[in-house]
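Listed below, chain by chain, are the residues.
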Amino acid sequence: MKWILVAIIASSNTVGDLLNTAGMKRIGAVEDLSLRSLLQLLLAIGGSPMVLGGIAALAIGFFAIMSLLSIATVSFAIPATASSYLVETLLAKYILKEDVRWRRWAASGLVVIGVVLLRW
Amino acid sequence: MVDQSRRSATTAPLLEQSKSPTFTSKTHLLTAIVVLTNVVGNVCLSHGMQEVGRTISASPADYVRALLNPWVLAGSCTLALWMISDLALLSRADLTFVLPVTASAYVFIAIAGHFVLGDRISWERWLGIVVITLAVVLAEETPSLTSKAEYREHSQ
């Protein structure tokens, strides 16, 4: 059960992050943190199927994390889902056309190693 | 969000604009908000879920019941703020920049667990904290926005 939840969390996080990144780039850069621009942002999100889909995917992941946290400790839950970092980096390079060079590869690899170490 | 009046002026050269110090410092401020809401939200939520106990259910009613716990409620509201600020951050930065940089939340969660909840930090955990911090520094050295694919719509 634990590992089924981990698989659900990792894949919904990956899909959610990719959809949100692509969708938010289409909406345009958020310029400031005023209430007005926050409302504009919420409206733009409401009109973006990509971002709504991304949020839905993250919501599935969120409920799966809540379930996982109720049967496992944080120190199991968080590292187990960290593997999605490398998959997301790969997909961001090829689907989102981000400029991923050694620093970013090293950074995501180190995050995975670091998160696993934090399990102890 | 880009104003309609400024849209034509700012969208096509957004990659250029993203190199300016103002753009970068706003991105860093948003990053700090994303990390803070993530840490506070997760610490509250995990504390609350431990109080609520075992919850694996297909019924939404069980999750609504969990939300009656004040820690779960506070954690969920803070994570809603995290979601909005994360989306705002993703509108101005690459996913492969955001992911490692916001991973600093793990470090703060471990440190918060140590000082607030009294968790013991083993040497492996300290090593993990150092390794993630190194990852954050490495990612911080890369430009926050490089993605070329998504601006097609705007530059038309």
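Above: the structure in question.
Read on for a plain summary of the structure. (Residues numbered from 1 in each chain as written. Chains lettered and ligands numbered in written order. Predicted model: local features only at pLDDT ≥ 70, side-chain atom pairs only at ≥ 80, totals over all residues. Heavy atoms only, no water.)

Here we look at the overall build of chain A
Consideration 1: The helix and strand tally for chain A stands at six helices and zero strands.
Consideration 2: Listing the helices and strands of chain A from first to last along the sequence gives α-α-α-α-α-α.
Consideration 3: Expressed along its principal axes, the backbone C-alpha trace of chain A runs to roughly 45 × 35 × 25 Å.
Consideration 4: Per-residue burial over chain A gives 51% buried out of 120 residues.
Consideration 5: Taking the contacts inside chain A whose residues are at least 6 apart along the sequence as the reference set, 73% of them involve residues at least 24 apart. (Helix = DSSP H or I, 4+ residues; strand = E, 2+ residues; numbered from the N terminus. Buried < 20%, exposed > 50% of the residue type's maximum accessible area, 1.4 Å probe, protein only. Contact = heavy atoms within 4.5 Å.)

Here's the deal with the packing of helix α2 (residues 35–46) of chain A against helix α5 (residues 70–90) of chain B
Consideration 1: Orientation of α2 of chain A relative to α5 of chain B, taken along the N-to-C sense of each, is 85°, at an axis distance of 11 Å. Here α2 of chain A lies roughly perpendicular to α5 of chain B, going by the angle between them. Touching Leu 38, Leu 41, Leu 42 and Ile 45 of chain A of α2 of chain A are Ile 84, Leu 87 and Ala 88 of chain B, all from α5 of chain B. (Axes fitted to C-alpha atoms, helices over the stretch in contact; angles between N-to-C directions. Parallel < 35°, antiparallel > 145°, perpendicular 65-115°, else oblique.)

Here we look at the interface of chain B and chain A
Consideration 1: The partner chain A presents 61 residues to the 66 residues of chain B that form the contact.
Consideration 2: Buried area between chain B and chain A, both sides added, is near 5600 Å², and the carbon and sulfur share of it is 69%.
Consideration 3: As a salt-bridge pair, Arg 103 of chain A and Glu 141 of chain B come within 2.9 Å of each other at their nearest N and O atoms.
Consideration 4: For the pair chain B and chain A, the number of links is 14 residue pairs in polar contact (both at pLDDT 80 or more).
Consideration 5: With 11 residues, helix α8 (residues 123–140) of chain B is the largest single contributor of residues to the side of chain B that touches chain A. (Buried area = accessible area lost by both parts, 1.4 Å probe. Salt bridge = Lys/Arg side-chain N within 4 Å of Asp/Glu carboxyl O. Polar contact = N/O pair within 3.5 Å; in protein donor to acceptor, adjacent residues only side chain to side chain.)

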